[in-house]
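# Observations on the three-dimensional arrangement
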Amino acid sequence: MQTLILHPDCAAGPITNVQAEIEATKQGCKARFRFDGDISQIKVPMHAASERMDFLWKTTCFEIFWQPEGGQYYREFNLSPSSRWACYDFDDFRLNSRDAPVEAIAIACSHDGTSLQLEASIASELPLPAAVALNAIVEDNDGNIQFWALAFEDGKAEFHSEVCRAITLEKLA
């Protein structure tokens, strides 16, 4: 797993470590995210029916950004510990956002007092090779928000930035 970094403008909070990994599959991809820290001090969305839902990024959730090589187009996935999800396509940086086609997304989340782990299996057309970002948003019980990513550009936290897409996934063998 790769270690994500906390955005420098975010204060330290109950989560002290975030890790993530992703692999391309014939159907799309599989990803795994892990928080370490005092899980009782963060807002963990309650388990719910798996369905598409907007605005998941307003509280604790995980994100994947997938940009095929050679273009400006990219796809964003929001994955909630509740098992709800969202998927959007963009033509360029935050341009022409629209719901993206997804065949299926399965999310499994478990946690105890010191860790939370989310696993997602995504069936969606995801061209390779691609630049990929793995991100996390943590909301603590006081409403403070932390942003975690593989890399950040200077300035405010911006997950749509190409700088965050620090993983390169090659074509499947």
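Residues numbered from 1 in each chain as written. Predicted model: local features only at pLDDT ≥ 70, side-chain atom pairs only at ≥ 80, totals over all residues. Heavy atoms only, no water.

Here we take up the overall build of the protein chain. What the protein chain contains, in helices and strands, is 0 helices and 13 strands. Along the chain direction, N to C, the helices and strands of the protein chain fall in the order β-β-β-β-β-β-β-β-β-β-β-β-β. By the compact-globule yardstick of 16 Å for 173 residues, the protein chain fits well, its C-alpha radius of gyration being 15 Å. Dimensions of the protein chain, computed from C-alpha atoms along their principal axes, come out at roughly 40 × 35 × 30 Å. The 173 residues of the protein chain split such that 49% are buried. If you take every contact in the protein chain between residues at least 6 apart in sequence, the share linking residues at least 24 apart comes to 60%. Carbon together with sulfur atoms contributes 49% to the accessible area of the protein chain, which is approximately 8,400 Å² in total. On the protein chain, the mean spot of the 14 positive side-chain charges and the mean spot of the 26 negative ones are 5 Å from each other. (Helix = DSSP H or I, 4+ residues; strand = E, 2+ residues; numbered from the N terminus. Rg over C-alpha atoms; globule rule 2.2 N^0.38 Å. Buried < 20%, exposed > 50% of the residue type's maximum accessible area, 1.4 Å probe, protein only. Contact = heavy atoms within 4.5 Å. Areas by Shrake-Rupley, 256 points an atom, 1.4 Å probe, with all protein chains shown as cover. Lys, Arg positive; Asp, Glu negative; His and termini not counted. Charge placed at Lys NZ, Arg CZ, Asp CG, Glu CD.)

This next bit is on the environment of phenylalanine 147. By the secondary structure assignment, phenylalanine 147 is in strand E12 (residues 145-149). Separated by 142 residues in sequence, phenylalanine 147 and isoleucine 5 place their C-alpha atoms 8.3 Å apart. In this structure phenylalanine 147 touches Ile5, Leu6, His7, Cys10, Ala136, Ile137, Phe152, Ala157 and Phe159, once residues within four positions along its chain are discounted.

It is worth spelling out the sheet that holds strand E3 (residues 15-24) at this point. If you trace the 5 strands from one edge of the open sheet to the other, you get E1-E3-E4-E10-E9, paired in antiparallel fashion. Two strands bound the open sheet, and with one partner strand each, they are strand E1 (2-3) and strand E9 (104-111). In this sheet, E3 lies alongside E1 in antiparallel orientation, the contact comprising 2 bridges. Looking across to E3, one finds that threonine 3 is bridged to glutamine 19. (Pairing = 2+ DSSP bridges.)

Taken as a whole, the protein chain shows an average pLDDT of 95; of its residues, 100% reach a score of 70 or greater. Within the protein chain, no element has a lower average pLDDT than strand E8 (residues 98-99), which sits at 94, and none a higher one than strand E10 (residues 115-123), at 98. (pLDDT = per-residue confidence, 0-100.)

Looking at the element boundaries, glutamate 76 is found in strand E6 (residues 74-79). Here glutamate 76 is buried and forms no salt bridge, its nearest opposite-charge partner arginine 94 lying at an N-O distance of 6.4 Å. A polar atom in the side chain of glutamate 76 sits 2.9 Å from the side chain of asparagine 78. Not counting residues up to four positions away in its chain, the partners in contact with glutamate 76 are Glu63, Ile64, Phe65, Ala86, Cys87, Tyr88, Phe90 and His160. (Salt bridge = Lys/Arg side-chain N within 4 Å of Asp/Glu carboxyl O. Polar contact = N/O pair within 3.5 Å; in protein donor to acceptor, adjacent residues only side chain to side chain.)

In this section: the pattern of salt bridges. Applying the stated criterion across every chain, the model contains 8 salt bridges. Between glutamate 21 and arginine 32 there is a salt bridge whose closest N-O contact spans 2.6 Å. Of this pair, glutamate 21 sits in strand E3 while arginine 32 sits in strand E4 (residues 28-37), and the two are 11 residues apart along the sequence. For arginine 32, a relative accessible area of 25% corresponds to the partly exposed category. A salt bridge links aspartate 89 to arginine 75; its shortest N-O distance comes to 2.6 Å. Of this pair, aspartate 89 sits in strand E7 (residues 85-90) while arginine 75 sits in strand E6, and the two are 14 residues apart along the sequence. This pair shows no difference in class: aspartate 89 is buried, exactly as arginine 75 is.

Residue proline 129 is reached from leucine 128 by a cis peptide bond, and omega for that bond is -5 degrees. Relative to the helices and strands, proline 129 resides in the loop between E10 and strand E11 (130-139). In this model, phenylalanine 55 sits at a positive phi of 65 degrees, which is unusual for a non-glycine residue. Its location among the elements puts phenylalanine 55 in the loop between E4 and strand E5 (61-68). Under the relative-accessibility criterion, phenylalanine 55 is labelled exposed at 52%. Positive phi values are uncommon outside glycine, yet serine 83 reaches one of about 95 degrees. Residue serine 83 is classed as buried on the basis of its relative accessible area, which comes to 4%.

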